[in-house]
Amino acid sequence: MPERPALEGLEAKWSAAWEQEGTYRFDRAAPRERVYSIDTPPPTVSGSLHVGHVFSYTHTDAVARYRRMRGQEVFYPMGWDDNGLPTERRVQNHFGVRCDPSVPYDPSFQPPAEPSEKEPLSISRPNFVELCLRLTESDEQAFEDLWRTLGLSVDWSMTYTTIGKLAQRISQRSFLGLLARGAAYQLEAPTLWDVDFQTAVAQAELEDRERPGAMHRVRFAGADTEADALIETTRPELIAACVAVLAHPEDERHRALVGRHVRTPLFGTRVPVMTHAAVERDKGTGLVMVCTFGDVTDVLWWRELGLPVRSVLGPDGRLLEVPWGSEGWESDDVESARRNYSELAGRTINQARKRSAELLAESGELIGEPQPVNRAVKFFEKGDRPVEIVTSRQWFIRTIEHQERLIERGRELDWHPAYMRARFEDWVNGLNGDWCISRQRFFGVPFPVWYPIDEQGKVLYEQPIPASAERLPIDPSTEVPDGYDASQRGQPGGFAGDPDVMDTWATSSLTPQIAGQAGEDGGELFARVFPMDVRPQAHDIIRTWLFTTVLRSELDESALPWQNAAISGWVLDPDRKKMSKSKGNVVTPMHLLEQHGADAVRYWAASGRPGTDTAFDAQQMKVGRRLAVKLLNASKFALSDLPPAGDALTHPLDRALIARLAKVVAEATASFEEYDYARALQRTEEFFWWYCDYYLELVKGRRYDPDPEIAASVSRALRLSLSVFQRLFAPFLPFVCEEVWSWWQEGSVHRASWPEAEELDAEAGSSEGAEREALALEATADVLREVRKAKSQAKRPMRAPVTRLVVRDLPARLDALELGEDDLLQAGSIESLERAEADELAVEVELPPEEG
RNA sequence: GGGCGCGUAGCUCAGUGGGAGAGCGCUCGCUUCACACGCGAGAGGUCGCAGGUUCGAAACCCGCCGCGCCCACCA
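Counting from 1, residues in each chain are numbered in the order their sequence is written. As they are written, the chains are lettered A onward and the ligands numbered 1 onward, keeping that order. Residue-level local features of this predicted model are given only where pLDDT is at least 70; pairs of side-chain atoms are given and counted only at 80 or more, and the full residue set underlies all totals for whole chains, interfaces and linings. Hydrogens and water are ignored here; the side-chain numbers use all heavy atoms of the structure.

Draft legend 1. Highlighting the pattern of salt bridges. Salt bridges are defined by distance alone: a side-chain nitrogen of Lys or Arg within 4 Å of a carboxyl oxygen of Asp or Glu. Going through the model one piece at a time under the given rule, you end up with 64 salt bridges. Among the ionic pairs, Arg 65 bridges to Asp 61, the shortest N-O distance being 2.8 Å. Here the residue Arg 65 and the residue Asp 61 both occupy positions in helix H2 (residues 51–69), the gap between them amounting to four residues, near one helical turn. Classification of residues uses two cut-offs on accessible area relative to the type maximum, computed with a 1.4 Å probe and protein chains only: under 20% is buried, over 50% is exposed, and between them is partly exposed. The class of Arg 65 is buried, set by a relative accessible area of 1%. With a closest N to O distance of 2.9 Å, Asp 139 and Arg 90 form a salt bridge. Residue Asp 139 is found in helix H4 (residues 125–150), and its partner Arg 90 is found in helix H3 (residues 85–95); the two are separated by 49 residues along the sequence. Helix and strand definitions follow DSSP, with helices as H or I runs of at least four residues and strands as E runs of at least two, each counted in order from the N terminus.

Next up, the structure:
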C-alpha cells in the first residue's frame, strides 16, 4: 500500500496488467447459458472518436463488467466500421486523390507528398482501396489506444473490421442466400440519388434541411378544353418531365378539367388531367403536376396511375439532352420545344430552374412573380445538394412485405428505456419502399455476382452468376466466374462483373453474425453467442442500424438478433446543442482522459441515464475524480494496520451498517438488471459518502482500540464493507478499484464475484434486534451531525470536547442510541451525555470556554 | 400535422401517492491521527400554468404553454 495513494499512472499500470493476464479474454468453451454477448457498435473509422463515443461505450462497459462479476462469460468484441463513404471522403482529402475506375492499377503508386485539394490525382480503384486500408489501419490503432486508456473491458483478440475478409465473406454469403431465396432482387426503377456522389441512397440515409425556394404559378393551356390549368411549383425546371396534372377527386373547382388534357408550357406536350386522393386541395391551386421525377410522391402517382416516363435529369444532376418530336417527346410545336429546351439541357438543376422561370416569364405562362418560400428538402445525410430521383438498376432487399413481422419482433425486444420502441415502430410503419442496398461507390463490399454477355454484347442482368460459396469473399471486378477466363471480361459471349458495392448498412446490419463468425468453423462460436444478449447503441440510428439488423436477422436466422436494446443518448454541449465537429465544440477524448483520469471521465459518462441526452460537464468529471481519490484514501484508512477480524459482528452498529449495505447492494443489482447503471452508481455513491462521513468517523475509536476483542468486530465490518464498495464501484471506476483491491486481495476485482445482498443479510443477522440496531445507527449519526453543527456554528474545531450533551428525542430513538453510545462519545469527543424525551431530535451542546 | 421525451434550488439532475432532495456553485468555519483533490455547517425552490381524482399530488388523469428529438410535409 503506497504512502500517499494517487490516481496518476493507474491507467497505464492496470491496462497493461489486464492485457497480460487476459482478464477480459472470452472463454470460447463456455456453454451458451453462461455467455453474455454484446453486439458492440463498430465506430466509424473516418476521423476521430469524440466525447459521445466515450459516453456511450462507458455505459456498455459498465454493464459488461457487472455481468462478468455476476459470473457470466462476457463476449465483448470490438469492431471498426471502416467501409463506405466516410472513409472514401477521408482518403480523398487526406491524400488528395480521386478514384477513377478507368485508370489501370499502378503497383508502385505512392500518394503525393503534398496533397492538392483543388486538383486531386486520379488513381485506380485497387490503388484507392489500398489507401483506404492504409489510412483506416492507423486510425484503428489510435482508437484502440483510446479505448484501452478509457478501460473498456473488450477482448481485443476478437476485433473485426467491416471491410475485412471475414466481414466481406459473411456479408456476401448472406447476400447470396437472400438472392437464392428471392429476398434480394435487382430492378431498374426510380431511385433516391445523390448527384454529387452519383450513387443511389436509401430512405434511412435521408435528412431534411430547410432551404429557400420560390413558388412559381404557371399556366397549362387546355388542349381539348377551353379551361386553363394553373399550377404552383417550386420546380419549374421539371416541366419538360411532366406526365400528368392531378386534382383531388372531390375538388369541385377542377371538375371541368378532369378527364381532359392540357399542354405543358414551353414544350407543348399534351398531358392528361387526372385525380388522386393524395392530392391536397388546399395546397396552391389544388392542381399539381406529376413529373418523372420530382419527389417520392411523384413516384407514387406515376406508379399507381400507370403514367409514362419522361426523364430529364441525368445522374450528374444536369439536365439531359432529349429528342423532341420523337416518341414520348411529342409537342404541338416541336421547334419551340427544342428551342426552349436547348436553353436548359446541360445545365445544373439550379441553373435550369432559374432559366426556366425566365423563359416562362417571356412566354407569358408565368403568372405573377415567383414567391419566395422556405421548405424542407431531402438531403443525403452526407451530401451537399438535395437528393433527386433517377432511374437506375439497383439491388433491393425485400422489406415492405415484412413490416408486420418486424413490428412484432420490435415488441419481443426488451428496450431500455422502454419508450424507445416507439421510434422503431414509427419508422417501420413509415417505410415506403424496399431497401436499396447497392451503391455506385468503390470502398465497400462488392456484390459477388457476374452477368453473362450475349453474342450481341448485351449484359443479361436478369441471369446473375453467383460466386461459389468457397470462393468468398470475391471482387467480381478483378476475379473471373467459374467456367470463364479473364480475356472474356466485357466481351460478347463473355461476362461482366457487378460494378457496385453494398451500402455500408448492408454489412453493418450483420454485426452479430460477423462478431460471432456465423458460418465459420462450423458455426461453433456463433452457436455460443447468438442470439446476443444486448445491442447497445444511440437513438439516432434506430432507423438504420437497429432496424436493418433486425431485418437481416429475421431473413437469415428467423430470430431476433438480441434480447435487449440498450439505447444511449447523446452528449450535448453546455448550450444543449448536439456536439459536432462542424460546430467546433468537440473536446478531444484523449485530452480529457489525460486531464481528469479515465475513472473520472467514466464517472461523468455513467451518470448519464439510459436514453437521455447529457450535457458535457467537466465539473462532473472533477466530482468523479474526488470519488476515486476518496476510495483510495478510505481504503487506505480502513486497511492500514487493521487489527485481526473476529468471527462475527458483535457490535450493533457494525451489524446495522452491513444490513444497510445489503439494501444498497440489492438496489444496485436490481438497477443493473434493468440496464440502469446510472442508478446503480448513484445509490452506491450516495451510501459511500455517508459511510465515510459517519460510519468511518464513528468507529475510529474501536478501530484503534488496543483491546483486540473490541477491534475484532469493527475490523470484520471494515473488511466486508470495503470489499463490497470496491466491487460495487468496479464497473464504473475500474482502475482505482483494481488498485485498492490489489492492496489486500488476490486476483482482479473485475473477476471477483458481485456482492450478494443475501450474504450480507446473513452476516448482519436477522435477529429481532435488527430494527433497533438500524435505528441506533440512524440516531447515532443524527446526533453526531447535531454536535458537528454546534461546533461549526461556534466556530470551534471538530475535536473540541463537549463537556455536556443533552439529547432530546423520541423514546425509541433514545433507547436505540444506547447501542451506539460508545462510538458516539468518542467520535464527538463528548464527555457527558444526558437524555430527555421529546417529539423530535434536539440537542444541547456545552463547549468549554474558548481559550485566548 | 403525428409520435416520443422533458419542464423540480443559479447550474446538472434524482425523486412517481403522505417529510421538497443530492452534487456542483455561493457564504461561513475547521490543518480532526485516510483524505485541504479534505472536513463541518449555512443560505437558496409558489416542483412550467390551469383544472380534476384523492383524506392527501412534484408524482396519477385532462387541457394549455415552453423546450428537445424522431417521423410526415418538396405541388
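Draft legend 2. Layout of the nonpolar core. We define the nonpolar core as a collection of buried residues of types Ala, Val, Leu, Ile, Met, Phe, Trp, Tyr and Cys that are connected through side-chain atoms lying within 4.5 Å of one another. In terms of nonpolar packing, the biggest core is built from 117 residues, with Trp 147 and Tyr 695 touching the most fellow members. Ranked by residues supplied to this core, first place goes to helix H19 (residues 677–698) with 13 residues. Tyr 695 has contacts with Leu 653, Asp 654, Leu 657, Trp 690, Val 714, Ala 717 and Leu 718, leaving out every residue within four places of it along the chain. The contact definition used throughout considers only heavy atoms, calling two residues in contact when any of these lie within 4.5 Å.

Draft legend 3. Main features of the protein's contact with RNA strand B. Only heavy atoms are used to decide nearness, and a residue is near a molecule or strand if one of them lies within 4 Å of it. Around RNA strand B, the structure places 50 residues, and the nearest of them are Asp 208, Glu 232, Thr 234, Arg 543 and Lys 630. Counting only atoms of RNA strand B within 4 Å of the protein, the sugar-phosphate share comes to 69%. Under this definition, polar contacts are N or O atom pairs within 3.5 Å; protein pairs additionally need one hydrogen-donor-capable and one acceptor-capable atom, and for neighbouring residues in sequence, both atoms have to be side-chain atoms. Separating a sugar or linking oxygen of RNA strand B from a side-chain N or O atom of Asp 426 is a distance of 3.4 Å. Between RNA strand B and Lys 700 there is a distance of 3.4 Å, counted from a phosphate oxygen to a side-chain nitrogen or oxygen. The leading source of residues in the surface near RNA strand B is helix H17 (residues 618–639), at nine residues. Three classes are used, and their members are as follows: Ala, Val, Leu, Ile, Met, Phe, Trp, Tyr, Cys and Pro are nonpolar, Asp, Glu, Lys and Arg are charged, and the others, Gly among them, are polar. Tallied by class, the residues present in the surface near RNA strand B amount to 17 nonpolar, eight polar and 25 charged.

Draft legend 4. Molecular detail of unusual backbone geometry. Following Thr 292, the chain continues to Phe 293 via a peptide bond in cis, the omega torsion being -5°. Mapped onto the secondary structure, Phe 293 falls in the loop between strand E14 (287–291) and helix H6 (296–304). Look at the link from Leu 472 to Pro 473: it is a cis peptide, with omega at 0°. Relative to the helices and strands, Pro 473 is located in the loop between strand E21 (465–466) and strand E22 (495–497). In this model, Asp 521 sits at a positive phi of 50°, which is unusual for a non-glycine residue. Relative to the helices and strands, Asp 521 resides in the loop between helix H12 (511–515) and helix H13 (524–529). Phi angles above zero are rare outside glycine, and Tyr 675 is one such case at about 65°. Residue placement: Tyr 675 occurs in the loop between helix H18 (652–673) and H19. Judged by its relative accessible area of 3%, Tyr 675 is buried.

Draft legend 5. Main features of the packing of aromatic side chains. Between 30 and 60 degrees the pair is tilted, below 30 it is stacked and above 60 it is edge-to-face, where a pair is any two Phe, Tyr or Trp rings, Trp via its six-membered ring, whose centres lie within 6.5 Å. Applying the stated criterion across every chain, the model contains 40 aromatic pairs. Measuring from ring centre to ring centre gives 4.5 Å for Tyr 66 and Phe 672, while their planes differ by 5°; the resulting arrangement is stacked. Separated by 606 residues along the polypeptide, Tyr 66 in helix H2 and Phe 672 in helix H18 bring together distant segments of the chain. Here Tyr 66 matches Phe 672 in class, with each residue buried. Aromatic side chains Tyr 691 and Tyr 695 sit 5.7 Å apart centroid to centroid with 15° between the ring planes, which places their arrangement in the stacked category. Residue Tyr 691 and its partner Tyr 695 are both found in helix H19; the two are separated by four residues, about one turn of the helix. Accessibility classification places Tyr 691 together with Tyr 695 in one group, the buried group. Through pairs of rings, three or more aromatic residues link up here, namely Phe 687, Phe 688, Trp 689, Trp 690, Tyr 691, Tyr 694, Tyr 695, Phe 725 and Phe 729. The ring of Trp 545 has Arg 535 sitting right over it, with the charged end atom 3.1 Å from the ring centre. By definition here, charges over rings are those cases where NZ of Lys or CZ of Arg is within 6 Å of the ring centre and within 35 degrees of the ring normal. Positioned above the aromatic ring of Tyr 694 is the side chain of Arg 788, whose terminal nitrogen or guanidinium carbon lies 5.0 Å from the ring centre.

Draft legend 6. Geometry of the pairing of strand E25 (residues 562–568). Among the seven residues that make up E25, six are buried, leaving the element largely enclosed by the rest of the structure. Paired strands, in this sense, are two strands between which DSSP finds at least two bridges. The pairing of strand E17 (residues 414–416) with E25 spans three bridges and is classified as parallel. Note that in E25 the partner of Trp 415 across the bridge is Ala 565. Where strand E24 (residues 532–538) and E25 come together, six bridges link them in parallel fashion.

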